[in-house]
There are 6 protein chains.
Amino acid sequence: MTDIVQRPSGRRADALRDVRITRHYTKHAEGSVLVEFGDTKVICTASVVERVPEFLRDRGQGWLTAEYGMLPRATHTRSDREAARGKQTGRTQEIQRLIGRALRAVFDLELLGPRTVHIDCDVIQADGGTRTASITGAFVAAHDAVSKLLAAGRIETTPITDYVAAISVGMYDGMPVLDLDYEEDSRCDTDMNVVMTGAGGFVEVQGTAEGVPFSRTEMNALLDLAQAGIATLIEKQKAALEIKRD
Amino acid sequence: MTDIVQRPSGRRADALRDVRITRHYTKHAEGSVLVEFGDTKVICTASVVERVPEFLRDRGQGWLTAEYGMLPRATHTRSDREAARGKQTGRTQEIQRLIGRALRAVFDLELLGPRTVHIDCDVIQADGGTRTASITGAFVAAHDAVSKLLAAGRIETTPITDYVAAISVGMYDGMPVLDLDYEEDSRCDTDMNVVMTGAGGFVEVQGTAEGVPFSRTEMNALLDLAQAGIATLIEKQKAALEIKRD
Amino acid sequence: MTDIVQRPSGRRADALRDVRITRHYTKHAEGSVLVEFGDTKVICTASVVERVPEFLRDRGQGWLTAEYGMLPRATHTRSDREAARGKQTGRTQEIQRLIGRALRAVFDLELLGPRTVHIDCDVIQADGGTRTASITGAFVAAHDAVSKLLAAGRIETTPITDYVAAISVGMYDGMPVLDLDYEEDSRCDTDMNVVMTGAGGFVEVQGTAEGVPFSRTEMNALLDLAQAGIATLIEKQKAALEIKRD
Amino acid sequence: MTDIVQRPSGRRADALRDVRITRHYTKHAEGSVLVEFGDTKVICTASVVERVPEFLRDRGQGWLTAEYGMLPRATHTRSDREAARGKQTGRTQEIQRLIGRALRAVFDLELLGPRTVHIDCDVIQADGGTRTASITGAFVAAHDAVSKLLAAGRIETTPITDYVAAISVGMYDGMPVLDLDYEEDSRCDTDMNVVMTGAGGFVEVQGTAEGVPFSRTEMNALLDLAQAGIATLIEKQKAALEIKRD
Amino acid sequence: MTDIVQRPSGRRADALRDVRITRHYTKHAEGSVLVEFGDTKVICTASVVERVPEFLRDRGQGWLTAEYGMLPRATHTRSDREAARGKQTGRTQEIQRLIGRALRAVFDLELLGPRTVHIDCDVIQADGGTRTASITGAFVAAHDAVSKLLAAGRIETTPITDYVAAISVGMYDGMPVLDLDYEEDSRCDTDMNVVMTGAGGFVEVQGTAEGVPFSRTEMNALLDLAQAGIATLIEKQKAALEIKRD
Amino acid sequence: MTDIVQRPSGRRADALRDVRITRHYTKHAEGSVLVEFGDTKVICTASVVERVPEFLRDRGQGWLTAEYGMLPRATHTRSDREAARGKQTGRTQEIQRLIGRALRAVFDLELLGPRTVHIDCDVIQADGGTRTASITGAFVAAHDAVSKLLAAGRIETTPITDYVAAISVGMYDGMPVLDLDYEEDSRCDTDMNVVMTGAGGFVEVQGTAEGVPFSRTEMNALLDLAQAGIATLIEKQKAALEIKRD
């Protein structure tokens, strides 16, 4: 892949931004992570309640659901506060449904037992890739919450079956690039979000041509980039989870 | 591809359902199409208003937007009426955003001029694939609406730059299959919706692992099926559009 | 009654439009009817659920309720989608309350037992008289749903006590006329909707002077027209219900 | 008409309850009336604003619109406050639409000029007939508001073309009776609300069979009662409007 | 305190408006009071239901909650009807939370038993001080409701532990004044609402500088005025409650 | 004041928690502050838009408004997300109205000119005193936003007329204490929030007896504590604002 085209970020086509995963970020949640993909910063918490939604009542299994939000001034210009407008945008709903599906892909809900894990991803600063950062951070928060359930003897076997992380890729000026920041994303022809497991399986592929439609060849190049990027992210999740709390 | 696995529909792995596109289905809309993918039936209308949304004011260009709904008893069991509940579900919003993006991919909004095309896709009977049928039918409705604008001299050059259609594909019992009906969809491991243009470019690829994650090999097989299926759908759109109204 | 005034429709003052009642129109609902009064087309479904609303809990009796909607482009110019606006208009609520009352007038809710019949009337093309077409079609859909309950042995005695149908009448340019289409309705001085049973009793009479108030004499002439029109509609319901499905 | 059946109220079949119309009831509104039909008490105000709704912009004419509400404990058992529930019931919307239509029937909106009369009818104590009391009282409030416009020289000719009042009638135990109170209304087979002008024209007739359908003969008897009752109410409106304020 | 500054009302700095408390104002509620502070008129009702909110289920104790509303034309210019807007303003919510807290301060909820007292305060005419009039009147309504519970033997010991009333005070043109009417309130620098018990304890003090911040000295002068005013109000509550109903 | 009673926090009765004010916390907002009162952490941003609300159109002056929110898991147990519920609680509305009033008390809106300062206070971790921390931090964020307007020459004279900060005080087990944390707050008899300016004037005093009413003597002791605490907070604001950004 040629690097003749210069990315606005100055990064190589296949370079992630600096990724930082800070556990135990706030004190109340069973899992609480600050995830940073460059200037994108998201607080991901996992909360466990001993209840399941109505549609799962008396089925023995558990549930995992996600909500997503952005502080009004996480972005360049202030957005309306969704709570004040009285409803979530379609974009917000799409993202929180995506986060929920991504995490459920690595959760055995039977093993979780009759309880619900609530994931909350709140963007405090946005610079592109908030949904992929959310999934990547939320996994770590959910892992911490599960560890507490195990430590407390409330479950015996972990319901987590694999790692899961996500990254965006896109066609920037004809070049496939990894992990778009806001400036790159807004000038991009194709934007693709990819969610994969530690075992290398695809959980979600969502590619959208913002301008010119994309070809199979381009799609293949994008998927190659995403696979490598996600492998790196999962290494970072593992490293973060190995740190013992003092 | 082996056909040893039997689809519930009895169709070959690469077979579409019967697809019917009926133009001029209702009398008021500028474009009105009943699209049928087997037992899935959607009324798609295109309405033109000489106004643009606030965010495009005084920019000279036009807009195309889509809304989607299902009659409460389009499905096996009755769903709540969204108008009575007072809000659209996240699923509805995702679908209508997808339809809008798909059609805008083949619309030159400058050439459309300062007017809005409203697409309405209303499912009167659902049997899987309502979003792909909606996109396929909505294109024909939009085309009819544009023809009226051209015939009336309100625009000089068509803003439509290509055909666009959509199909679902999925992994059924380990076999990649085309155009899932409801029964197949609900037993499927991976469900992928693909939107392509007449020129063969990808507009959207949305693949989700409902159960086991999918591999690159499976993804490639699914995309092959989708490409062939969409080529057939676009033939059907062309055939429908060639029919002169008496 | 003089026919010197010419109706826009060209019909005689006492002539209904072509009325067509198509049963088994969609496949999932227990009763599903397409009713057409000329160019007015409404899909009426009856869905049975084994539950009653909270206010009837443990009372042994059943309930019948109705909802009404219009596709956004059922009309000359596109209306806002009620689900997107987040609420139903006052007009919609009035109509769905009327449909529910009309059908309950011929339902013995004790005999129905602890279950609810949900009527959904969705207008796919509007040309005046959508509420009267809805009532007339919904009765047939409800009848089909009840027949299924009887055939399945879930109830022993039909809860349906009589036929019920509805028609509009109005003063058009000083002349009482039957079954107004949109153009007539919008130029009409008085608009009256009448709901009657097979036995000839009145269930609802809703007359409104849009312009000049109406006299007792005019009211009597309108009721005469309505009585004859409804008798014809009930013949059509009976004929439709006699058709055996292959 | 036989009086052998005894009304719960002890009134003769053709007797109104005590009707009191108190003008200048609250001090801010251009017209403010407390109307009492026996124990039913409604505050009716008319407010004038120098603005018209969007759909009448630049048309020169005015508008009259009505809203209706009930204090939560106006009734035997407390109802939910509509403002707290976040929406008005279908019943409320039906009533406020009826009040608006009734008053517009005697308003020449061209003569009113580009302003809006807002009618507010708020029930502080309910004992049946709140919608008919509202219409009867609202007319007087609107008349007072118009008088102020005339006195201030803001309009030259009154836009009020006639009186308008309303009453309920019903079949009680086989007997047609006038002006139902709550107890009578809840045991009644047929309930009919009639709105008429001073000239004796019908503006609205809304009859509903709560139990047994009603016959033409019964309908005629009910309309006779209503005509006489409304004539009396209009006398009371005239008497109230003749009182000069000190 | 100097009286050189003239209040718009002409009242002395420490003078209340005419206060009138009329019990049994409407007939359905367990307690129903019209409270008037000059031209401010509020209907306060207390309704008892044998149910508690979810968060108190199976705790044995009761609850008291308050709602507040204003008729749209209670004010100089018409306000939007909150039920029509679909939500209560922040101001309304603040006031109804204040009323609830004030009354709960003198209610022993254990003694009340597992039932809820709903307070409704509806302003029919506003001239400043609606929240303080509401609290003062609501206490009397709640007292009447409790008396009925006692008389019916549904509770044995009164849960009411003391009187409670409220008044506003403010800095008007540098002078501390009692019980602001609308005109005074809108020209006032500081506005303070004080809620006190019969025993002279403070339940709420809410002081807001609308213009210039206030000093400790001013605060003390305002509290002195409020204490005296509330003592008078509680005398009026006692006098009202001593009146036997005929 | 006696220190024999031990606060759960171990702090002296007149001791603030550790207060930290971190400017430039997020990168997009004109002013962005992380304020910490012990374990209570709030992100306060100030955003400037060149627009005023409708009610100030063409009046030349500006506006300042505030919104408040809490991340769902900022608290011990997860709260519903207000954006998902579709409305803000009464508590949220009360707090954001308080923050707005507090800051407007030190803003000359004429000097601000026709623009709006939007304050957003989002609690990422709650441990009591979120509203007082919000006001204290929001002032610094607003100050930074104003400095940018001055530096850019968009205004010539600062509209900020004084400092403003807030603190809570309460009666804990009979002892007046400063700056309640969550545990203290939930066991407190009286809770009072005080907002004061740098010049020592009161902007708001909101005292509520949660249990036993409070006396004048207690009130005076609480105000003494608050005055001293706010003086310290304003020192911290000044110190934070003196730091030059690298």
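Rules used in this analysis
Residues numbered from 1 in each chain as written. Chains lettered and ligands numbered in written order. Predicted model: local features only at pLDDT ≥ 70, side-chain atom pairs only at ≥ 80, totals over all residues. Heavy atoms only, no water. UniProt positions renumbered as here; feature names shortened; annotations may be inferred. Helix = DSSP H or I, 4+ residues; strand = E, 2+ residues; numbered from the N terminus. Least-squares fit on C-alpha atoms with pLDDT ≥ 70 in both. Contact = heavy atoms within 4.5 Å. Pairing = 2+ DSSP bridges. Axes fitted to C-alpha atoms, helices over the stretch in contact; angles between N-to-C directions. Buried area = accessible area lost by both parts, 1.4 Å probe. Salt bridge = Lys/Arg side-chain N within 4 Å of Asp/Glu carboxyl O. Polar contact = N/O pair within 3.5 Å; in protein donor to acceptor, adjacent residues only side chain to side chain. Nonpolar A, V, L, I, M, F, W, Y, C, P; charged D, E, K, R; others polar. Buried < 20%, exposed > 50% of the residue type's maximum accessible area, 1.4 Å probe, protein only. Parallel < 35°, antiparallel > 145°, perpendicular 65-115°, else oblique. Left-handed = near helix turned anticlockwise from the far one by under 90°. pLDDT = per-residue confidence, 0-100.

Caption draft 1: Fine view of the UniProt feature "domain: Exoribonuclease phosphorolytic" (unreviewed entry) in chain A. Residues and elements named next belong to chain A. Here, UniProt's "domain: Exoribonuclease phosphorolytic" (unreviewed entry) annotation points to residues 16-145 and 162-228. Between the first and last C-alpha atoms of residues 16-145 the distance is 27 Å; the span itself is 30% helix and 31% strand. Note that residues 162-228 is 27% helix and 43% strand, and that its end C-alpha atoms are spaced 17 Å apart.

Caption draft 2: The relation of the copies chain D and chain C, seen in detail. When chain D is fitted to chain C, the best match, at an RMSD of 0.0 Å, comes from turning it 180 degrees and sliding it 0.0 Å along the axis. The superposition operator between the copies reduces to a two-fold rotation axis. Using C-alpha coordinates, one finds that chain D approaches the rotation axis most closely at Q206 of chain D, a distance of 2.2 Å. When you check the interface residues of chain D against chain C, 100% turn up at the interface there too, and the contact is symmetric in its surfaces.

Caption draft 3: View of the sheet that holds strand β1 (residues 19-23) of chain E. All names here are of chain E. Read across the sheet, 5 strands follow the order β1-β2-β3-β5-β4 without closing on themselves; strand pairing throughout is mixed. Of all the strands in the sheet, the pair left with one neighbour each is β1 and β4 (63-70). Each neighbouring strand pair of the sheet contributes to a mean axis angle of 15 degrees, computed without reference to strand direction. Strand direction decides the pairing type here: β1 and strand β2 (residues 31-37), joined by 5 bridges, are antiparallel. Its bridge partner lying in β2, R20 is registered against E36. Lying over the sheet, helix α4 (residues 130-151) contacts β1, β2, β3 (40-49), β4 and β5 (116-125), oriented at roughly 35 degrees with respect to β3.

Caption draft 4: Broad picture of the interface of chain D and chain C. At the junction of the two partners, chain D supplies 27 residues and chain C supplies 27 residues. The junction of chain D with chain C conceals about 2,400 Å² of combined surface from both sides, 47% of it contributed by carbon and sulfur atoms. For the chain D face of the interface with chain C, the top three residues by lost area are E94, F202 and R216 of chain D, together amounting to 27%. At the boundary of chain D with chain C, the tally comes to 4 salt bridges. We note a salt bridge from D224 of chain D to R216 of chain C, for which the minimum N-O separation is 3.0 Å. Here chain D and chain C share 18 residue pairs in polar contact (both at pLDDT 80 or more) between them. Taken together, the elements giving at least two residues each to the side of chain D that touches chain C come down to α2 (90-104), β9 (202-209) and α6 (216-242) of chain D. Ranked by residue count, the leading element in the side of chain D that touches chain C is β9 of chain D, at 8 residues. The residue inventory of the side of chain D that touches chain C, partitioned by class, reads 8 nonpolar, 12 polar and 7 charged. Two elements, strand β9 (residues 202-209) of chain C and β9 of chain D, share 5 bridges in a ladder whose sense is antiparallel.

Caption draft 5: Spotlight on the pairing of strand β8 (residues 190-197) of chain D. Residue and element names in this part refer to chain D. Within β8, 8 of the 8 residues are buried, which leaves the element mostly enclosed by the surrounding structure. Burial along β8 is two-sided: the residues T190, M192, V194 and M196 and D191, N193, V195 and T197 are all buried. Note: strand β6 (residues 164-172) against β8, 8 bridges, orientation antiparallel. By the bridge assignment for β8, A166 is matched with V195. Taken together, β8 and the strand that follows it, β9, pair antiparallel across an intervening segment of 4 residues, in which G200 is found at a positive phi of about 90 degrees.

Caption draft 6: Structural context of the sheet that holds strand β2 (residues 31-37) of chain A. Residue and element names in this part refer to chain A. The 5 strands are arranged β1-β2-β3-β5-β4 in an open sheet whose pairing can be described as mixed. Only two strands of the sheet have a single neighbouring strand rather than two, namely β1 (19-23) and β4 (63-70). For this sheet the average axis-to-axis angle between neighbouring strands, irrespective of direction, equals 15 degrees. In terms of strand pairing, β4 meets strand β5 (residues 116-125) through 8 bridges, oriented parallel. Note that in β5 the partner of W63 across the bridge is T116.

Caption draft 7: A look at the packing of helix α2 (residues 90-104) of chain C against helix α4 (residues 130-151) of chain C. All names here are of chain C. The N-to-C vectors of α2 and α4 enclose an angle of 40 degrees; their axes lie 10 Å apart at closest approach. Here α2 lies oblique to α4, going by the angle between them. Where α2 crosses over α4, the two elements pack in a sense that is right-handed. Along its contact with α2, which presents R91, I95, L98, I99, A102 and L103, the element α4 presents T130, R131, S134, I135, A138, F139 and A142. When the residues that make up the contact of α2 with α4 are grouped by side-chain class, the tally is 9 nonpolar, 2 polar and 2 charged.

Caption draft 8: How the structure looks around the relation of the copies chain F and chain A. Between chain F and chain A, which share one sequence, the superposing operator has a rotation angle of 180 degrees and an axial displacement of 0.0 Å; the RMSD is 0.0 Å. A share of 100% of interface residues in chain F that are also interface residues in chain A marks the association as one of identical surfaces.

Caption draft 9: Quick peek at the pattern of salt bridges. In this structure the tally under the stated criterion is 147 salt bridges over all chains. Between R73 of chain F and E30 of chain A there is a salt bridge, and its shortest N-O distance comes to 2.6 Å. Highlighted residues: R73 of chain F in the loop between β4 (63-70) and α1 (82-85) and E30 of chain A in the loop between β1 and β2, drawn from two different chains. Residue R73 of chain F is classed as buried on the basis of its relative accessible area of 5%. Classification of E30 of chain A by relative accessible area gives partly exposed; the value is 21%. Between R78 of chain D and E67 of chain E there is a salt bridge, with its nearest N and O atoms 3.0 Å apart. Separated into two different chains, R78 of chain D in the loop between β4 (63-70) and α1 (82-85) and E67 of chain E in strand β4 make up a pair that spans both. Grouping residues by exposure puts R78 of chain D and E67 of chain E together as buried. Here the salt bridges do not stand alone but share partners, grouping R7, R11, R17, D127, D179, D181 and E184 of chain B into one network.

Caption draft 10: Fine view of the interface of chain F and chain A. Between chain F and chain A, the residue contacts involve 36 residues of the former and 36 residues of the latter. Of the roughly 2,900 Å² buried where chain F meets chain A, counting both sides, 48% is carbon and sulfur surface. It is H28, R73 and R81 of chain F that lose the most area in chain F upon contact with chain A, and together they represent 26% of the buried surface on that side. Along the contact surface separating chain F from chain A lie 14 salt bridges. We note a salt bridge from D120 of chain A to R78 of chain F, for which the minimum N-O separation is 2.6 Å. In this assembly, chain F and chain A are joined by 24 residue pairs in polar contact (both at pLDDT 80 or more).

Caption draft 11: The arrangement of the UniProt feature "binding site: phosphate" (unreviewed entry) in chain A in detail. All names here are of chain A. The positions that UniProt labels "binding site: phosphate" (unreviewed entry) are, in the present scheme, R91, G129, T130 and R131. Across 41 residues in sequence, these annotated residues keep their C-alpha atoms within 13.3 Å of one another, forming a single compact spot. Along the chain, R91 turns up in helix α2 (residues 90-104). Among the residues examined, R91 registers a relative accessible area of 30% and is labelled partly exposed.

Caption draft 12: Examining the packing of α2 of chain C against α2 of chain D more closely. One way to put it is that α2 of chain C packs onto α2 of chain D with a least axis distance of 9 Å and a crossing angle of 110 degrees. The orientation of α2 of chain C relative to α2 of chain D falls into the category roughly perpendicular. For α2 of chain C against α2 of chain D, the interelement crossing comes out left-handed. Residues G90, R91, Q93, E94, R97 and R101 of chain C of α2 of chain C touch α2 of chain D, and the partners they reach there are G90, R91, Q93, E94, R97 and R101 of chain D. Counted by class, the contact of α2 of chain C with α2 of chain D contains no nonpolar, 4 polar and 8 charged residues.

Caption draft 13: Broad picture of the confidence of the model for chain A. Looking at chain A, pLDDT values average 95 and 98% of them are 70 or higher. Predicted complex metrics record ipTM = 0.94 and pTM = 0.93.

Caption draft 14: Here's a closer look at the arrangement of the chains. Considering only C-alpha positions, the minimal separation of the non-contacting chain A and chain D is 12 Å. There is no contact between chain B and chain E; across them, the least C-alpha separation is 11 Å.

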